[in-house]
Structures are given as structure tokens and as C-alpha cells.
Amino acid sequence: PVVPPGRVSNGQAWMAAHHDREVWTRFTRLQQLLATTDEVLGDADTVSRVQAVVNLGLGLPALDAPDHDTFGDILAAHAPAQRRRYLRRLVASA
């Protein structure tokens, strides 16, 4: 989405929150509805901090997660025997 000048998007704040403790605190308050979008995403200090993270080229940390099929196997292996067939069908149909 197009972000008006002097603001950051929710996604930009989320990404920066992974690298800046103050942005994390503010972003968390926003997500818990303890602050408004204007108070967080339009705050000059937050915008400056988010822009600093962007300028450093930092992004989101890589996710170390299993692929779809492996995740289905993990679920099936830890499910009670009567649910294994159901889980395998569910994963296969996704």
C-alpha cells in the first residue's frame, strides 16, 4: 500500500520491530490495541527508527521451518493412532 509521508506501514513497523527494541515495544502496544495507529505508525520517532532499519538493509529473520510435507509427517507421527489417517488425508488435500 501507498504510505503517506511521515508514516510507516504496519508491515514496515513489524519488520523493524525485529531489530529495534523501542519499535518492538510500540508495535506490540499497537497490536494489543493499547495505542492507535496514529500514535505508533505516525509517530516521528517511530518513523525515524523504522527508516533507520530499512536504510541498513535489514529484513525479517529467515524462518527455519519444515516444508508442508515434512510438517504433515511430524503432525501424523505425534498424533494418536486413530487420527493419523485423518491428518495424512488432510495434509494431502491441502
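Structure report, in brief. (Residues numbered from 1 in each chain as written. Predicted model: local features only at pLDDT ≥ 70, side-chain atom pairs only at ≥ 80, totals over all residues. Heavy atoms only, no water.)

## Quick notes on the environment of serine 93
Then, in step 1: With respect to the helices and strands, serine 93 occurs in helix H6 (residues 81–93).
Then, in step 2: Expressed as a C-alpha distance, the spacing of serine 93 and aspartate 69, which sit 24 residues apart in the sequence, is 11 Å. (Helix = DSSP H or I, 4+ residues; strand = E, 2+ residues; numbered from the N terminus.)

## Observations concerning the packing of helix H1 (residues 10–17) against helix H4 (residues 44–55)
Any two packed helices are characterised by the angle at which their axes cross and by the distance between the axes.
Then, in step 1: The geometry of H1 relative to H4 is characterised by a closest axis approach of 9 Å and an angle of 70 degrees between their N-to-C directions. Classified by the interaxial angle, the pair formed by H1 and H4 is roughly perpendicular. On H4, the residues that touch Gln12, Ala13, Met15 and Ala16 of H1 are Val50, Val53 and Val54.
Then, in step 2: A class-by-class count of the residues in the contact of H1 with H4 yields six nonpolar, one polar and no charged. (Axes fitted to C-alpha atoms, helices over the stretch in contact; angles between N-to-C directions. Parallel < 35°, antiparallel > 145°, perpendicular 65-115°, else oblique. Contact = heavy atoms within 4.5 Å. Nonpolar A, V, L, I, M, F, W, Y, C, P; charged D, E, K, R; others polar.)

## What to know about the packing of H1 against helix H2 (residues 21–31)
Then, in step 1: It is the contact of H1 with H2, at a shortest axis distance of 8 Å, that shows an interaxial angle of 135 degrees. Our classification of the angle between H1 and H2 gives oblique. Where H1 crosses over H2, the two elements pack in a sense that is left-handed. Along the contact surface, H1 presents Asn10, Ala13, Trp14, Ala16 and Ala17, while H2 presents Val23, Trp24, Phe27, Leu30 and Gln31.
Then, in step 2: Taken together, the residues of the contact of H1 with H2 break down into eight nonpolar, two polar and no charged. (Left-handed = near helix turned anticlockwise from the far one by under 90°.)

## Things to note about the side chain of aspartate 20
Then, in step 1: Here aspartate 20 is to be found in the loop between H1 and H2.
Then, in step 2: Judged by relative accessible area, which is 13%, aspartate 20 ranks as buried.
Then, in step 3: A distance of 2.8 Å separates a polar atom in the side chain of aspartate 20 from the backbone nitrogen of glutamate 22.
Then, in step 4: A polar contact of 2.9 Å, which involves the side chain of aspartate 20, links it to the side chain of arginine 49. (Buried < 20%, exposed > 50% of the residue type's maximum accessible area, 1.4 Å probe, protein only. Polar contact = N/O pair within 3.5 Å; in protein donor to acceptor, adjacent residues only side chain to side chain.)

## Some thoughts on H2
Then, in step 1: Listing the buried residues of H2 in full gives Val23, Arg26, Phe27 and Leu30. The arc enclosing the buried residues of H2, seen along the axis, measures out at 100 degrees, which places them on a common side.
Then, in step 2: Each element contacted by the buried residues of H2 is listed here: H1, helix H3 (37–41) and H4.
Then, in step 3: The backbone nitrogen of glutamate 22 lies 2.8 Å from a side-chain oxygen of the residue at the head of H2, namely aspartate 20.
Then, in step 4: Leucine 33 occupies a position one or two residues after H2 and carries a positive phi of about 60 degrees. (Arc of directions from axis to C-beta.)

## Considering the environment of alanine 76
Then, in step 1: Along the chain, the position of alanine 76 falls in helix H5 (residues 68–78).
Then, in step 2: By relative accessible area, which is 1% here, alanine 76 ends up buried.
Then, in step 3: On a C-alpha basis, the gap between alanine 76 and methionine 15 in space is 33 Å, while along the polypeptide they are 61 residues apart.

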